[in-house]
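# Commentary on secondary and tertiary structure
One letter stands for each residue in the lines below.
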Amino acid sequence: MGLEAVLQKDGFLTTTIDAIVAWSRKSSVWPMPMGISCCAIEMIAAADPKYDIARFGSEVMRFSPRQSDLMIVAGTVTYKMAQVVRRIYDQMPEPKWVIAMGACTSSGGMYRSYSVVQGIDQFLPVDVYTAGCPPRPENLLNALMTIQDKIGKTKARDFQNRSLAELEHSQN
Amino acid sequence: MDRIQQIYNDEKLLKKLQEDQNLTIEDVLENEMVINMGPQHPATHGVLRLVLRLDGETVVGIVPELGYLHRGYEKMAENMSHIEFIPHTDRLDYTGTMCNNVGYVLAVEKLAGIEAPKRAQYIRMIVSELSRIAAHMVAIGTFAMDVGAVTMVMWTFREREKVNSIFDRIAGARFTTSYTRIGGVASDIDDQAFAEIKQFLAELEPALVEMDKLLLSNRIFIQRLEGIGILPKEDAIALGVTGPNLRASGVEYDVRRAKPYLFYNEIDFKIPTFSQGDCLARYFQRGDEVRESIKILYQCLDKIPQGEVIANNPKKVLSHKTEIYSKMEELIHDFMIINFGINPPIGDTYLSVENPKGELGFYIVSNGSGQPWKLKIHSPSFCNLQAVSQLCKGAMVSDVVAIIGSLDPVMGEADK
Amino acid sequence: MNTKELIVEKIKEKFGESVEEVSDFRDDLCITIKKDQIVNLGKYLKEDPDLQFIMCKDVTAIDWATRKKRFTTVYHIYSFKLNYALRLKSNIDDNPPTIETVSFVWQSANWYERETWDMYGIKFINHPDLRRMYMPEGFEYHPLRKDFPVLGIPGSLPLPFKAE
Ligand code: SF4
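Residues numbered from 1 in each chain as written. Chains lettered and ligands numbered in written order. Predicted model: local features only at pLDDT ≥ 70, side-chain atom pairs only at ≥ 80, totals over all residues. Heavy atoms only, no water.

Turning our attention to the site of the ligand. All names here are of chain A. If you check the shell around the ligand, you find 13 residues, and the closest are Cys38, Cys39, Ala103, Cys104 and Cys133. For the shell around the ligand, the secondary-structure elements that each account for two or more residues are helix H3 (38-47) and helix H5 (102-107). In terms of residues, the shell around the ligand owes the most to one element, H5, which gives three residues. Residues that form the shell around the ligand fall into these classes: seven nonpolar, five polar and one charged. (Near = heavy atom within 4 Å. Helix = DSSP H or I, 4+ residues; strand = E, 2+ residues; numbered from the N terminus. Nonpolar A, V, L, I, M, F, W, Y, C, P; charged D, E, K, R; others polar.)

Shown next as structure tokens:
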């Protein structure tokens, strides 16, 4: 159901602020593609003509963390890289969400070795985990839709009453 | 606010602040500047980090920093059997996965003295050429995107998707295929897959012409690449550069011809070379290699014989699953191989294959047990990256992007 | 005279005493030489007009764990003229392990030796820039040594702080 269907009726609609804010937030999630290794290729594939992530309003892949609100961590995160991932996450403005794409980011995957972090949830809050090595692009789109559901349930004031210290911390 | 007040209260800091303000414009221009690029940068193809020293906009020095994707392959290989390592080879150069699979099993076969049946070898050739096309598609697309032609990446990924769906049919996975086995391949190719490959090749040729038209009629594209990042022949050899980058500098060296593996000696193909050695030559080189791959594929499809796809060598080679489930002896052998490995004789071998990025080599040391004592991966991207510091010296900042795009490193392989 | 015999003969003639072993397993020719002669041998192989091994493909090491000469460095070099890949080896017996660098003979050995230093802790004497290749600066161990566990040593690599 698009907006047009409603607009054609009587020329006005009644809703709550929360609903309209959440609706507009969820229909244009701008991802920050944190492509680290193999999964990044499938992430690009999700943006290509066959799978076309633009259908979900997320084709604007921003490589600048300041302009995005969803971080897709795609690939094996090593201890050396973990510092960078966390730093980029901290630079993203609130509100922000994280998809852990693939077995590696979720749990370390097949790399049980000295240099690989066994799951990025050790240092990042993760919203959706995606299974597969690599997850097929359909699976990534599914994760995106799950995130959209999650965003749809948020209220505008959820992100307002944070203390100044918290905000400052998240912006450094 | 408090901090500013603090600074004003502190005399030393205040003095320093005033000194800083005394800088004139000339001073600023004379200073050299150090800039960090990556590891999260769209043009570094993954997680390469470069530290640039700039004088104005000219690069004075450049230091690549690797290791952001170091996953410890070589250590893990020492703790698993030869068969278990096959899936890990997919993730080395994740744009051209089948070539890695083929290279690794060939190295183990050389060490253990196994030979795969002829049909299996032909299938390996077919999949590695398809994989090479897919890898070059990514290379060309992202390279063009780096210098500003964003349409290209859509077009090349459209072609790549076709290869992925062929692999989906052959191996059951889009690009992490793990398709080869020691002594053969996992499953035979059916007729529909052959038909799909033929159709793909028929569609690819006009698509390549279109791509060339789009890019080469674009003045910006040409001017950003021509004469940029010239790598002379002697330097390329001294720096250990291999693959398309070496051939674009005018050295006619291709492992498929120099030391033929599989049945490349039965196939008729050319080794394209260019003498300029600049970024544009490296772009042309990849396009020409795709055309050669198409030729090789047509010949393979004609010549492929009928027969088995896995060697009959029960002590060393896993049998087909249906036999394992129905025959006692096969079950025992399967159990032994999975648990204790294939126990190659004591010794060490090195085998290299021609990968889309260059020469991929595996050096395996065996002490007679089921796990390799040491497995060293000689990765082409690693060697190619070594040329970066020489190529970028004296170039502009925007050329750095073009040079890295033209060298086409894949960090999964360079960092291991 | 085929290529292999030519190479072996030439090396034996020049470095007779220092050649420790010549092996030929699965058609891979491998020459083991005394540690102090490796640079001379490299120079000779590169500059001899009949051989011209001008490309160094790989430098690595093997950790034998229990042997007295614990480490062996391995070099793979290639000659375009002969179209032949040769393997050189050299055993190291001192502790901590050291060997002369070949990066002045083959430029490409620079990074390979850095990698070997990072992974095995073999010090390459006179190397122009011996830093770690993969592991972060400040990491104390050498991962590919046999006494280093696959899962690493807990706490040796820090993780970023999690806010919540
Ligand atoms: S989950 Fe698999 S495909 Fe994805 S980054 Fe890890 S190894 Fe690569």
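Past the structure itself, the notes keep going.
Before going further, it helps to examine the side chain of lysine 110 of chain B. Examined against the element boundaries, lysine 110 of chain B turns out to sit in helix H6 (residues 97-112). Residue lysine 110 of chain B is classed as buried on the basis of its relative accessible area of 18%. With residues up to four places along the chain from it excluded, the contact list for lysine 110 of chain B reads Thr349, Tyr350 and Leu351 of chain B together with Arg26 and Asp28 of chain C. (Buried < 20%, exposed > 50% of the residue type's maximum accessible area, 1.4 Å probe, protein only. Contact = heavy atoms within 4.5 Å.)

It is worth spelling out the interface of chain B and chain C at this point. Each side of the interface is counted separately: chain B has 45 residues, and chain C has 40 residues. There are eight salt bridges connecting chain B and chain C. Taken together, the links from chain B to chain C amount to 25 residue pairs in polar contact (both at pLDDT 80 or more). In terms of residue count, strand S6 (residues 347-354) of chain B provides more of the side of chain B that touches chain C than any other element does, five residues in total. (Salt bridge = Lys/Arg side-chain N within 4 Å of Asp/Glu carboxyl O. Polar contact = N/O pair within 3.5 Å; in protein donor to acceptor, adjacent residues only side chain to side chain.)

Listed per partner, the contact involves 17 residues of chain C and 16 residues of chain A. When the two sides are added together, the surface that chain C and chain A hide from each other amounts to roughly 1500 Å², 67% of it contributed by carbon and sulfur. One can count zero salt bridges joining chain C with chain A. The interface formed by chain C and chain A includes two residue pairs in polar contact (both at pLDDT 80 or more). Classifying every residue of the side of chain C that touches chain A gives 14 nonpolar, one polar and two charged. (Buried area = accessible area lost by both parts, 1.4 Å probe.)

Before going further, it helps to spend a moment on the sheet that holds strand S4 (residues 128-130) of chain A. All names here are of chain A. The strand order S1-S2-S3-S4 describes an open sheet built from four strands, whose pairing is parallel. Looking at strand neighbours, the two that pair on one side only are strand S1 (31-35) and S4, the edges of this open sheet. Within the sheet, the average angular offset between the axes of one strand and its neighbour, ignoring direction, is 15°. In the sheet, strand S3 (residues 97-101) pairs with S4 via three bridges, with the strands oriented parallel. Following the sheet pairing, alanine 100 is matched in S4 by tyrosine 129. Taken strand by strand, helix H6 (residues 137-152) contacts strand S2 (70-74), S3 and S4, and its axis lies near 155° from that of S3. (Pairing = 2+ DSSP bridges. Axes fitted to C-alpha atoms, helices over the stretch in contact; angles between N-to-C directions.)

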